[in-house]
Amino acid sequence: MKYPAVHYHNYLGLDALLSAQHPKSAEYGKPAHDEMLFITVHQTYELWFKQIIFELDSVLATFKKDSIPERELGVTSARLERIASILKMIINQIDVLETMTPMDFLDFRDMLYPASGFQSFQWRLIETKLGLRMGDRLAYNQAPFYKSLTEEQQKEMMNVLNSESLFDSVEKWLERTPFLQGENFNFWDSYKQAVNKMFQADIDVVKKNTRLTEEEKARDIAGLEATLKSFDALFSEDVYNQLRKEGQYRLSYKALHAAILIPLYRHQPILQTPFRIIRALLDIDETMTTWRYRHAMMALRMLGQKIGTGGSSGHKYLSEATTKHKIFGDFFNLTTFFIPSSQVPPLPESIAKRMNFSY
């Protein structure tokens, strides 16, 4: 089939794209030079948000399946890594925006009221599709976050809120992870023995340390025993579920176990892609946190303690959101329960063979 010739300008729709900047300062007869920069940076954000949602929807479609073919996991991993790369890139746009001085911003800021970045529908979609729940969000002007959106956007957002998020789908996928138990092998029993052995060895080292006073030995041993006690959550489903009920964990007991096994045995071929997926989700959550932090610092730099154009507390709100709006926090906390690679229980040969492949 012969396709008709396409021109670069028309293919990219540049007439519409390049005529979509309408500075309010010019409209009001008080042109402010830096408003064009402000508009361009934020429009660029929204274009990248569109691409993130496009990638995220494809990832969600895969993870919502009851059974995911291995070949699809590789594609999914690459797309999550692409999302992380996009997020890292848009952080750097703040450097460009900060070439505008606070005085230059103030030349047109009052003309934007009550518009606010909080009204970015696409950013809220990204957060919600990833798994940021209503109860995990800060209230915005004493109202649910979606109240700042248009009526049509609110309807779509409610549909997304009532749908399975990526967090939900990943949790179910982790719960289906095999290899946790096999013939004559229980991963968690083996891991518990390795943990107890490691901590007992550390306690013995402290006891034999002639440079420590008895008081220092007692203090260090108490610290080690307290750390060992924290592992109870992993070895007792009842303890874990109680902590989960209190909000200390979000993943199910079974999913958390799988999330620990995958990094520990990440060199096994069958677990390399799942490990990349967990790492990509960590990168996405961390980079979103970094973006919120940079945004908060930019607000402080530009506005000090002034109220934002959308009516929020400006820097204070953004700073608190940086701390609170986490999605995959359980993945960050996994390292609490890791032990050195040299002490990880070896896999039985039968299970190692199932995890491997050769040509």
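Our structure's up above, just so we're on the same page.
Residues numbered from 1 in each chain as written. Predicted model: local features only at pLDDT ≥ 70, side-chain atom pairs only at ≥ 80, totals over all residues. Heavy atoms only, no water.

Colleague: Kindly report on the packing of aromatic side chains, identifying the contributing residues and their values.
Modeller: Within this structure, the stated rule accounts for 19 aromatic pairs. Relative to F231, the ring of F199 has its centre 5.7 Å away and its plane inclined at 70 degrees; by these criteria the two rings are edge-to-face. Here F199 is found in helix α11 (residues 187-208), whereas its partner F231 is found in the loop between α12 (214-230) and α13 (232-235), with 32 residues between them in sequence. Considered together, F199 and F231 belong to a single accessibility category, that of buried residues. Put simply, the rings of W188, Y191, F199, F231, F235 and F337 touch in pairs and so form one group of aromatic residues. Note that R250 overlies the ring of F167, its terminal NZ or CZ placed 3.7 Å from the centroid. A cation sits over an aromatic face here: R266 above F275, 5.9 Å from the ring centre. (Phe/Tyr/Trp six-rings, centres within 6.5 Å; stacked < 30°, edge-to-face > 60°. Helix = DSSP H or I, 4+ residues; strand = E, 2+ residues; numbered from the N terminus. Buried < 20%, exposed > 50% of the residue type's maximum accessible area, 1.4 Å probe, protein only. Lys NZ or Arg CZ within 6 Å of the ring centre and 35° of its normal.)

Colleague: Quick rundown of the nonpolar core? Include the residues and the values.
Modeller: Across soluble globular proteins, you tend to see nonpolar side chains buried next to one another. Within the largest apolar cluster, 102 residues are counted, with the highest numbers of intra-cluster contacts made by F63, L80, L130, L166, L174, Y191 and F331. Of all the elements, helix α16 (residues 269-303) adds the most residues to this core, at 14 residues. Dropping the residues within four chain positions of it, L80 is found in contact with V59, L166, I277, A280, L281 and I284. (Core = buried A, V, L, I, M, F, W, Y, C linked by side-chain atoms within 4.5 Å. Contact = heavy atoms within 4.5 Å.)

Colleague: Summarise the packing of helix α15 (residues 253-264) against α16; cite the residues concerned and give the values.
Modeller: Relative to each other, α15 and α16 sit at 115 degrees, their axes nearing to 9 Å. Taken together, α15 and α16 sit at an angle that is classed as roughly perpendicular. Every pair of crossing elements has a handedness; the one defined by α15 and α16 is left-handed. Contacts between α15 and α16 involve A259, L261, I262 and P263 from the former and L271, P274, F275 and I278 from the latter. For the contact of α15 with α16, a count of residues per class yields eight nonpolar, no polar and no charged. (Axes fitted to C-alpha atoms, helices over the stretch in contact; angles between N-to-C directions. Parallel < 35°, antiparallel > 145°, perpendicular 65-115°, else oblique. Left-handed = near helix turned anticlockwise from the far one by under 90°. Nonpolar A, V, L, I, M, F, W, Y, C, P; charged D, E, K, R; others polar.)

Colleague: Could you give an account of the pattern of salt bridges, naming the residues involved and the relevant values?
Modeller: Counted according to the given criterion, the structure contains 19 salt bridges. Two residues, R294 and D95, come together in a salt bridge whose shortest N-O distance is 2.8 Å. Of this pair, R294 sits in helix α16 while D95 sits in helix α6 (residues 93-97); the two residues are 199 residues apart in sequence, bridging distant segments of the chain. Its salt-bridge partner being R301, residue E98 comes within 3.3 Å of it at the nearest N-O pair. Placement of the pair is E98 in the loop between α6 and α7 (102-109) and R301 in helix α16, with a sequence separation of 203 residues. Judged by relative accessible area, E98 falls into the buried class, the value being 15%. Of the residues examined, R301 reaches a relative accessible area of 51% and is grouped as exposed. Several salt bridges converge on common partners, so that one network encompasses D95, E98, R294 and R301. (Salt bridge = Lys/Arg side-chain N within 4 Å of Asp/Glu carboxyl O.)

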